[in-house]
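# Examining the three-dimensional arrangement
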Amino acid sequence: MKLTKTNPKITEIIGNLKEKSYHEDVKIWKDIAKRLERSTRRYAEVNLSKINRHSSPDETIIVPGKILGSGELDHKVNVVALSFSKRAEEKIDAAGGKCLGISEILDENPKGNKIRIIE
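Throughout this description, residue numbers start from 1 for each chain and increase along the sequence as written. Totals for whole chains, interfaces and linings use every residue, but because this is a predicted model, local features are given only for residues with pLDDT of at least 70 and side-chain atom pairs only at 80 or more, for both listing and counting. The side-chain figures draw on all heavy atoms in the structure; neither hydrogens nor water molecules are used.

Here the focus is helix α1 (residues 8–24). Counted at 1.5 Å a residue, the expected span for α1 with its 17 residues is 24 Å, and the 24 Å between its end C-alpha atoms agrees. Inspection of α1 places Ile10, Ile13, Ile14, Leu17 and Ser21 among the buried residues, and these make up the whole buried set. For α1, the angular spread of buried residues about the axis comes to 100°, placing them on one side. Opposite the buried face of α1, by more than 90 degrees, sit the exposed residues Pro8, Lys9, Glu12, Tyr22 and His23. In this analysis, two residues are considered to be in contact whenever any of their non-hydrogen atoms come within 4.5 Å of each other. In DSSP terms, a helix is any run of H or I states spanning at least four residues, a strand is any run of E spanning at least two, and both are numbered starting from the N terminus. Residues of α1 that are buried in the fold lie against α2 (27–36), β3 (77–84) and α5 (102–108). Polar contacts, as used here, are pairs of N or O atoms within 3.5 Å; protein pairs need one atom able to donate a hydrogen and one able to accept it. Residues neighboring in sequence count only if both atoms are side-chain atoms. Of the residues flanking the start of α1, the one acting as N-cap is Asn7, its side-chain oxygen 3.0 Å from the backbone nitrogen of Lys9. Just downstream of α1, Asp25 is the residue with a positive phi angle, here 55°. Here a helix's expected span is defined as the number of its residues, less one, multiplied by 1.5 Å. The cut-offs for exposure are 20% and 50% of the maximum accessible area for each residue type, with area from a 1.4 Å probe on protein chains only; residues under the lower value are buried, those over the upper are exposed, and the others partly exposed. Directions from the helix axis toward the C-beta atoms define the arc.

To continue, consider the pairing of strand β1 (residues 44–47). Here β1 shows a buried face lined by Ala44 and Val46 and an unburied face lined by Glu45 and Asn47. A clockwise path from the first strand over the helix to the second, with the strands pointing away from the viewer, defines a right-handed crossover. Handedness of the β1-helix α3 (residues 48–53)-strand β2 (residues 59–68) crossover: right-handed.

UniProt positions are given in the numbering used here, feature names are shortened, and annotations may be inferred rather than shown by experiment. According to UniProt, the "domain: Large ribosomal subunit protein uL15/eL18" (unreviewed entry) feature falls on residues 45–99. Taken end to end, residues 45–99 is 27% helix and 42% strand, and its two terminal C-alpha atoms sit 15 Å from one another.

This part is about the environment of Ile51. Assignment of secondary structure puts Ile51 in helix α3. Judged by its relative accessible area of 0%, Ile51 is buried. Along the primary structure Ile51 and Val79 are separated by 28 residues, whereas in three dimensions their C-alpha atoms are 8.8 Å apart. When sequence neighbours within four positions are dropped, the list of residues in contact with Ile51 reads Val46, Ile61, Ile67, Leu73, Val77, Val79 and Ile118.

Written out as structure tokens, the structure is:
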């Protein structure tokens, strides 16, 4: 299947995810790549309140889309996403967590250990 994405950054991320999945034999990266190949209208938009409910302290959460700042975060969580709203970044930092891009997590955790996908 040929990608018809017009954003070269997204196309590069998808290619990197597939390559890492193949070389490291890790299925989570291929799953994220498939989710990013969808129409941008179908990308996940997740509020912090949902991350707060479905995560535990010091966990890494990946969202194939955007993080929105609605709700509160009462524990430290590392959040990986394509983009973050300004308010979401502030709240994640205030809770002691980190905001990471998908490309960054590929370098930090190539095996995809202990990562939870939330959509």
